Amino acid sequence: MATKTRKAPWMKLLFKIATKKIQNRRHFCTIAASCGGIVRIPLGFRSTFFLNDADAITHVLVQNESNYVKNSHSNARLEPFIGPGLLTNSGEAWRQTRHEVQRELYYKNIIPYAPFITKTVQKHLDDWKQRLGSHVDLVHEMSKLVFDISAMALFGGDVQSMTHDIIPRLHASNKYFVSGLFLKTGIPTPKNLQFRKTKKIIDDLMNDLLNPPQPYDNYLTPALRSFRHQPDDSESVRLRHLNEAKHFILAGHETTATALTWTLYLLSKNPDILQRVIAEIDTVLNGQAPTLEQLDQLEFMTMVIDETLRLYPSLWIFDRAAINDDIMCNYQVPAKSIVIICPYTLHRNPKYWSNPNQFDPERFNKNNRNYVPKNAYIPFGSGPRVCIGKHLGLMIMKFAISMILQQFELKIDPKLDVAQEPLITIKPDKAIPLKLKERSQGKQGRGQI
Ligand code: HEM
């Protein structure tokens, strides 16, 4: 007997929208999530569904993924800056690039970057050691660090002298992409002019990275060498490579840096958990720089990262557009519908997580992680479009956290209250001042501010 299909509910959400003051996009998503696993958003001309249900997400991202493509409306905000590329393309254009570079980012192929990553982290920490006693902004510092590492690992270029200027510009662009004031970028408003300047700086930097002065092979073979410009490349090939390269550097740097910042912030708020992480690092590393093999032994630190990505999934919301009519978990989805997937609310859905707002890394211990339902935890997405840089991102985070906590006290004012700013990534809403103090032997990285 055929299963009866129905239309997704929307009345409850309409009532809540009409009676509550919506503060921002994250608040809206929290309200939508409270209305059920699959709800229709009763606004706009197109049918729009908000999913807070692991089975529905499995349907869209895995089982019937070919019916759900990237949403051109959401892309329209990003593409003036980065053009079309892996993040935004669908169909053959997406498949071609994914096929071209996927292998280079497999775990076994990024192993050679490990010594280089530790070297770059150490360079940043040595710079901190020149500034002991002063404060740095953790948000800015983690962005700089990840940008430097990504530029070298992906393209083989040293950009350290430029990141100080680039990072605030990228942050402003991240804000601009989601602002209600986003206008056609051709109109010369002050924000548009800033935006164009940032685009030019990034384009110039990336073109330099794609035209390196000497062969890479002397020191490191970068992952995305196939985007490198060749003398006989046509203008259109060069533009495609430039755009693809920008997709990678932006997707990789912003997500990883944000996750790294939240992890350290949450540790500073949970001193007992911090002590456990430090004790593990001290035991496993025994005062030496970490190796890749040792990263695998830092089990508790890995649980802390997993739990941070549950509460603060960097890419906290993304969407798809349906090509054809479909049935999703017995609900009718008309062609051209938009489907919104929000890891932020999914990861706090009480159906899947007990005390969902509590920071509890034990959820991800060897035993408990087996009980997490499939696709109820998707910080890296799922299905064929799962994050291509997941292993690199996690590797950078583990090296950075272990080396920072090995060498520095995590001196963040315990009274500091940081909220989440829902941009394209879910960023801290303010600077996080970290007072630079080296750990002395026998000390456990905690002390007075
Ligand atoms: C903690 C770090 C990271 C997080 C949380 C993260 C998260 C994600 C998520 C959720 C998606 C899927 C988006 C969707 O389905 O629409 C994605 C895709 C992607 N990520 Fe990451 N990412 C991280 C690190 C990286 C790194 C280091 C790179 C660069 C090497 C990268 C490059 C990309 C690209 C190019 C895509 C598009 C893949 C495709 O559509 O085929 N990401 N990422």
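Here, every reference points to the structure presented above.
This structure is a prediction, so every number in the text was calculated from the model and none was measured.

Caption draft 1: Region of the structure containing the overall build of the chain. Regarding its fold elements, the chain presents 16 helices and 11 strands. A compact globule built from 449 residues would reach a C-alpha radius of gyration of about 22 Å, and the chain, at 22 Å, matches this within 12%. Taking the principal axes of the C-alpha coordinates as reference, the chain spans close to 70 × 55 × 45 Å. Within the chain, buried positions represent 53% of all 449 residues. Intrachain contacts of the chain at a sequence separation of at least 6 include 75% that bridge at least 24 residues. Surface summary for the chain: the accessible area is close to 20900 Å², and the carbon and sulfur share equals 55%. Averaging the locations of the 58 positively and 42 negatively charged side chains of the chain gives two centres separated by 7 Å.

Caption draft 2: Focus on the coordination of the iron atom of the ligand. The sole protein-derived ligand of the iron atom of the ligand is Cys387 (SG), positioned 2.3 Å away. Secondary-structure assignment places Cys387 in the loop between helix 15 (343-346) and helix 16 (390-407).

Caption draft 3: Focus on the site of the ligand. Among the 23 residues in the neighbourhood of the ligand, the closest are listed as Lys70, Trp94, Arg98, Arg320 and Cys387. Residue Lys70 places a side-chain N or O atom 2.6 Å away from an oxygen atom belonging to the ligand. Between the ligand and the protein, one listed contact pairs an oxygen atom with a side-chain N or O atom of Arg98 at 2.7 Å. Put simply, the parts of the chain that give the shell around the ligand at least two residues each are helix 5 (91-101), helix 11 (235-269) and strand 5 (318-322). If one sorts the elements of the shell around the ligand by residue count, helix 11 sits on top with five residues.

Caption draft 4: Geometry of the pattern of salt bridges. Under the definition given, this model contains 22 salt bridges. When the shortest N-O distance is used, the salt bridge between Lys427 and Glu254 registers 3.0 Å. Of this pair, Lys427 sits in strand 10 (residues 426-428) while Glu254 is found in helix 11, placing the two residues 173 residues apart along the sequence. According to the relative accessible area criterion, Lys427 is buried, its value standing at 5%. A relative accessible area of 11% places Glu254 in the buried class.

Caption draft 5: Focus on the sheet that holds strand 5. Strand order in the open sheet made by the five strands is 1-2-8-5-3, with mixed pairing throughout. One side of each edge strand has no neighbouring strand; the edge strands of this open sheet are strand 1 (38-40) and strand 3 (68-69). Relative to strand 5, strand 3 runs antiparallel, the two being bridged by two bridges. Within strand 5, the position partnered with Tyr68 by the bridge is Ala322.

Caption draft 6: Highlighting the packing of aromatic side chains. By the definition in use, this model includes nine aromatic pairs. Each ring, one from Trp262 and one from Tyr312, has its centre 4.1 Å from the other, and the planes form 20°; the classification is stacked. Placement of the pair is Trp262 in helix 11 and Tyr312 in the loop between helix 14 (299-311) and strand 5, with a sequence separation of 50 residues. Take Trp262 and Tyr312: they sit in the same class, and that class is buried.

Caption draft 7: Examining helix 10 (residues 190-210) more closely. Its 21 residues give helix 10 an end-to-end C-alpha distance of 30 Å, which sits within 8% of 30 Å, the value for a rise of 1.5 Å per residue. For helix 10, every residue scored as buried is listed here: Asn192, Phe195, Thr198, Ile201, Ile202, Asp203, Leu205, Met206, Leu209 and Leu210. Residues of helix 10 that are buried make contact with helix 4 (72-82), helix 8 (138-155), helix 9 (160-178) and helix 11.

Caption draft 8: Geometry of the pairing of strand 2 (residues 48-51). In strand 2, alternate side chains face the same way, and those of Thr48 and Phe50 on one face and Phe49 and Leu51 on the other are all buried. When strand 1 meets strand 2, the two strands line up antiparallel, connected through three bridges. Directly across from Arg40, in strand 2, lies its bridge partner Phe49. Here four bridges tie strand 2 to strand 8 (residues 338-341), and the two strands are oriented parallel to one another. Looking across to strand 8, one finds that Phe49 is bridged to Val339.

Caption draft 9: Molecular detail of unusual backbone geometry. With a phi close to 50°, Cys329 is a non-glycine residue in the positive phi region. Within the secondary structure, Cys329 sits in the loop between strand 6 (326-328) and strand 7 (331-333).

Caption draft 10: Structural context of the packing of helix 5 against helix 11. Contact geometry for helix 5 and helix 11: axes closest at 13 Å, N-to-C directions at 70°. Classed by the angle they form, the pair helix 5 and helix 11 counts as roughly perpendicular. Contacts between helix 5 and helix 11 pair Gln96, Thr97, Glu100 and Val101 from the former with Arg240, His241, Glu244 and Phe248 from the latter. Of the residues belonging to the contact of helix 5 with helix 11, the class tally is two nonpolar, three polar and three charged.

About the cut-offs
Residues numbered from 1 in each chain as written. Predicted model: local features only at pLDDT ≥ 70, side-chain atom pairs only at ≥ 80, totals over all residues. Heavy atoms only, no water. Helix = DSSP H or I, 4+ residues; strand = E, 2+ residues; numbered from the N terminus. Rg over C-alpha atoms; globule rule 2.2 N^0.38 Å. Buried < 20%, exposed > 50% of the residue type's maximum accessible area, 1.4 Å probe, protein only. Contact = heavy atoms within 4.5 Å. Areas by Shrake-Rupley, 256 points an atom, 1.4 Å probe, with all protein chains shown as cover. Lys, Arg positive; Asp, Glu negative; His and termini not counted. Charge placed at Lys NZ, Arg CZ, Asp CG, Glu CD. Donors = N, O, S within 2.8 Å, 3.2 Å for Na, K, Ca; no water. Near = heavy atom within 4 Å. Polar contact = N/O pair within 3.5 Å; in protein donor to acceptor, adjacent residues only side chain to side chain. Salt bridge = Lys/Arg side-chain N within 4 Å of Asp/Glu carboxyl O. Pairing = 2+ DSSP bridges. Phe/Tyr/Trp six-rings, centres within 6.5 Å; stacked < 30°, edge-to-face > 60°. Expected span 1.5 Å × (residues − 1). Axes fitted to C-alpha atoms, helices over the stretch in contact; angles between N-to-C directions. Parallel < 35°, antiparallel > 145°, perpendicular 65-115°, else oblique. Nonpolar A, V, L, I, M, F, W, Y, C, P; charged D, E, K, R; others polar.

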